[in-house]
Amino acid sequence: QVQLVESGGGLVQAGGSLRLSCEASGRTLSNLVMGWFRQAPGKEREFVAAIGRSGMITDYADSMKGRFAISSDNAKNTVYLQMNSLKSEDTAVYYCVASSVDGGSYSYISRWGYWGQGTQVTVSS
């Protein structure tokens, strides 16, 4: 089993930055594909970003490219999501996800077997 614990959410003004962290336990990052999803009030859960087992391959939703950056620290077994130039529409609960299976589209919710509890990000305009 893999456990995921997110941290770093909070309230920030539009244009500001936040860094989310996700610490994984139960398996090392070298054996996991990691990612982030988010869900805004009244909206469906959507893909944000993903990073491959090697940490070399990353993927982003189009609306996050250039503003968000995903990275990993294998020594800490932790994945990060750096969010810059935040907008009010980025307000959502952000979920860390993990999968032991590589390949396929990262944006499919069904490919992710492990989910964190989520951390709230609120961007005030």
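Residues numbered from 1 in each chain as written. Predicted model: local features only at pLDDT ≥ 70, side-chain atom pairs only at ≥ 80, totals over all residues. Heavy atoms only, no water.

### Describing the packing of aromatic side chains
Quick reminder of the rule: Stacked, tilted and edge-to-face are the three classes assigned to paired rings of Phe, Tyr and Trp, where Trp is represented by its six-membered ring and a pair needs centres within 6.5 Å; plane angles under 30 degrees give stacked, over 60 edge-to-face, the rest tilted. Numbering of helices and strands starts at the N terminus; helices are DSSP runs of H or I of at least 4 residues and strands are runs of E of at least 2. Per-residue accessibility, obtained with a 1.4 Å probe over protein chains only, is compared with the maximum for each type, and a residue is labelled buried under 20%, exposed over 50%, and partly exposed between these values.
This structure, assessed with the given rule, holds 5 aromatic pairs. Here F37 and W112 contribute two aromatic rings whose centre-to-centre distance is 6.3 Å and whose plane-to-plane angle is 75 degrees, an arrangement assigned as edge-to-face. Residue F37 is found in strand β4 (residues 33-39), and its partner W112 is found in the loop between β9 (92-99) and β10 (114-115); the two are separated by 75 residues along the sequence. According to the relative accessible area criterion, F37 is buried, its value standing at 0%. Between Y106 and W112, the ring centres sit 6.2 Å apart and the planes meet at 35 degrees, which makes this aromatic pair tilted.

### Things to note about the state of the cysteines
Each disulfide is one covalent bond, formed between the sulfur atoms of two cysteines. Definition in use: Note on disulfides: each one is a pair of cysteine sulfur atoms within 2.5 Å.
Counting across every chain of the model gives 1 disulfide. In this model, C22 is linked to C96 through a disulfide, with the two sulfur atoms separated by 2.0 Å. Measuring handedness by torsion sign, the sulfur bridge of C22 and C96 sits at about -80 degrees and is left-handed. Of the two residues, C22 is situated in strand β3 (residues 18-25) and C96 in strand β9; the sequence distance between them amounts to 74 residues. As far as burial versus exposure is concerned, C22 and C96 are alike and both buried.

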